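Inside the fold
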Amino acid sequence: MTLKTFLLGACSAMAFVATAASAETLTIATVNNGDMVRMQGLTSEFTKANPDIQVNWVTLEENVLRERVTTDIAANGGQYDIVTIGNYEVPIWAKQKWLLPLDGLGDKYDMDDLLPAIRGGLSVDSKLYAAPFYGESAMIMYRKDLFEKAGLKMPESPTWEFIADAAKKITDRDNDVSGMCLRGKAGWGENMAFVSALNNSFGGRWFDENWKPQFDQPEWKASLQFYADLMKEAGPAGASSNGFNENLTLFQQGKCGMWIDATVAASFVSNPKDSKVADKVGYAIFPSKEGVKNHGNWLWSWNLAVPASSQKAEAAQKFISWATSKEYTALVASKEGWANVPPGTRTSLYKNADYQKEAAFAAPTLAAMDAADITKPTVKPVPYTGGQFVAIPEFQALGTTVGQLFSAVIAGQSTVDDALAAAQATATRDMTRAGYIK
């Protein structure tokens with residue numbers, strides 16, 4: 001080795017060390033969903049293009065993520081530079097000045113390409129406070145082969161009455177196939193996301209126009225009883241512990257005849273790398289009760305936001321711009337195929353011929369999202385917005401408490417009547433203390 005070569009090598013090593021030492025490290029809190037895990041695997045593409053920025057991921061189960069992020073951001077803790085939150089939190093936290101407006105996404109970001117319903121739910125006073133990573137409604141995913149075997153045909157707009165009958169007919173306990181998988185794990189964003197949408201579709205509501213809780217009304221009794229009976233007669237063992245990820249695994253393993261959940265699951269149940277039933281899946285719109293024109297009004301997005309406590313806002317927005325861009329979508333498509341790109345956020349995706357060709361669920365997903373109206377979530381008038389949630393700060397705690405009561409019903413530890421009575425008492429107490437009920 002010559003002296004010149006040695007010196008050049010030493011200088012290069014020193015430059016690398018200096019770059020690494022001066023790089024900003026972003027700490028990102030996210031949920032352990034498939035699309036988020038995929039994004040982590042592609043992070044090297046971002047850091048390669050931005051060597052002055054490194055990324056530290058904190059990946060958590062959904063309920064744990066919500067608890068930790070809420071605790072940190074409310075205390076102005078500064079533990080995270082980017083947080084993964086839903087369209088429930090964004091407007092509430094923005095008004096409390098817990099989030100920074102995303103005004104540094106860059107000229108190439110194409111904000112006007114965001115789906116209007118999604119963008120509107122993430123904006124306050126015309127300012128975007130979080131960028132959507134993926135959006136979703138809810139729909140039925142079902143085994144076409146099991147339906148054919150049972151002589152069933154999925155209607156274009158199924159009722160809950162049809163779904164319950166079909167679930168029982170395709171249940172095969174001897175072969176470990178449950179006719180229906182639904183969320184049972186307690187949490188305002190777990191079982192209560194489904195149960196709230198279910199109750200909407202039964203004509204029910206959380207509160208009347210004067211914020212009086214409605215758990216003592218017949219719609220709640222009918223919807224919760226229906227849910228409990230369906231899980232008992234056609235659900236899997238341990239349903240009270242199952243959330244999105246657990247039911248996804250069951251469906252992929254061929255152990256669910258039907259699964260009603262977030263539309264984002266479609267790419268995972270139809271991916272032959274992960275799903276044993278990938279070529280047997282059909283899709284249909286979220287059911288409604290016979291005589292009720294409401295398909296649940298589930299509309300959700302997982303979004304990336306910058307806490308006001310972060311000292312690395314510029315770098316954080318650069319990452320968010322990359323992760324929620326059309327270019328990121330194209331990157332995923334190049335590595336995983338168009339069927340596996342994050343759905344439900346951009347208009348251009350649903351005009352993409354390659355996506356429409358590869359993703360059989362593209363049209364049903366868009367139809368489900370178009371059918372959701374979170375500004376008018378219920379048949380009867382209400383003082384709140386939100387489909388599978390109530391867009392008030394108190395809902396996070398109240399929804400989780402009620403979720404625990406309802407999960408106990410599915411576990412066989414409580415009755416429908418007892419759970420509803422406890423929910424009514426708890427909600428009345430909490431809403432009175434918060435000043436909603438005079």
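Residues numbered from 1 in each chain as written. Predicted model: local features only at pLDDT ≥ 70, side-chain atom pairs only at ≥ 80, totals over all residues. Heavy atoms only, no water.

As named in an unreviewed UniProt entry, the protein is Sorbitol/mannitol transport system substrate-binding protein, taken from Rhizobium wenxiniae. According to the UniProt record, the Sequence similarities (unreviewed entry) comment for the protein is "Belongs to the bacterial solute-binding protein 1 family." The UniProt entry for the protein carries the following comment under Subcellular location (unreviewed entry): "Periplasm". (UniProt positions renumbered as here; feature names shortened; annotations may be inferred.)

Packed helix pairs are characterised by how far apart their axes lie and by the angle those axes make with each other. Relative orientation of the contacting elements helix H10 (residues 218-234) and helix H18 (residues 416-433) amounts to 135°, with a least axis distance of 10 Å. When the axis of H10 is compared with that of H18, the two are oblique. Handedness of the crossing formed by H10 with H18: right-handed. Between H10, through Trp-220, Lys-221, Leu-224, Gln-225 and Ala-228, and H18, the contact on the second element is made entirely by Val-416, Asp-417, Ala-419 and Leu-420. (Axes fitted to C-alpha atoms, helices over the stretch in contact; angles between N-to-C directions. Helix = DSSP H or I, 4+ residues; strand = E, 2+ residues; numbered from the N terminus. Parallel < 35°, antiparallel > 145°, perpendicular 65-115°, else oblique. Left-handed = near helix turned anticlockwise from the far one by under 90°. Contact = heavy atoms within 4.5 Å.)

The next thing to look at is the pattern of salt bridges. Opposite charge on two side chains makes pairing possible when the charged atoms of those side chains draw close. Across all of its chains, the model carries 21 salt bridges by this definition. Taking the shortest distance from any N to any O, the salt bridge between Arg-183 and Asp-261 comes out at 2.6 Å. One end of the pair, Arg-183, is in the loop between helix H8 (160-170) and helix H9 (191-201); the other, Asp-261, is in strand S8 (residues 258-262), and 78 residues separate them in sequence. An identical accessibility class is assigned to Arg-183 and Asp-261; each is buried. Here the residues in one salt-bridge network are Glu-61, Lys-185 and Glu-246, joined through shared partners. (Salt bridge = Lys/Arg side-chain N within 4 Å of Asp/Glu carboxyl O. Buried < 20%, exposed > 50% of the residue type's maximum accessible area, 1.4 Å probe, protein only.)

Before going further, it helps to spend a moment on the state of the cysteines. Under the defined criterion, the tally for this structure stands at one disulfide. A disulfide bridge connects Cys-181 with Cys-256, and the sulfur atoms are separated by 2.0 Å. Of note, the bridge from Cys-181 to Cys-256 carries an S-S torsion of about -75° and is left-handed in sense. Taken together, the residues span a long stretch of sequence, with Cys-181 in the loop between H8 and H9 and Cys-256 in the loop between helix H11 (244-252) and S8 at a distance of 75 residues. Side by side, Cys-181 and Cys-256 carry an identical accessibility label, which is buried. (Disulfide = S-S within 2.5 Å.)

By size, the foremost hydrophobic cluster in this structure holds 142 residues, and its most contacted members are Phe-194, Trp-206, Met-258, Phe-319 and Phe-406. For this core, the element with the most residues is H10, which contributes eight residues. Here this core spans two domains, and each of domain 1 (3-135 + 300-358) and domain 2 (138-298 + 372-433) adds at least three residues to it. (Core = buried A, V, L, I, M, F, W, Y, C linked by side-chain atoms within 4.5 Å. Domains from an automatic or database assignment.)

The next subject is the packing of H10 against helix H17 (residues 395-410). At a minimum axis separation of 9 Å, H10 and H17 run at an interaxial angle of 45°. What the angle tells us is that H10 and H17 run oblique. Facing H10, whose interface residues are Trp-220, Leu-224, Tyr-227, Ala-228 and Met-231, H17 presents Phe-406, Val-409 and Ile-410. Considering only residue class, the contact of H10 with H17 consists of eight nonpolar, no polar and no charged. (Nonpolar A, V, L, I, M, F, W, Y, C, P; charged D, E, K, R; others polar.)

So, about unusual backbone geometry. At Asn-76, a position not held by glycine, the phi torsion is positive, near 60°. Locating Asn-76 in the fold gives a position in the loop between helix H4 (62-74) and strand S3 (82-86). Here Asn-76 falls in the exposed class, since its relative accessible area comes to 53%. For Lys-97, which is not glycine, the phi torsion reads 65° and is therefore positive. Note on placement: Lys-97 falls in the loop between helix H5 (89-95) and helix H6 (116-121). On the accessibility criterion, Lys-97 (66% relative accessible area) is exposed.

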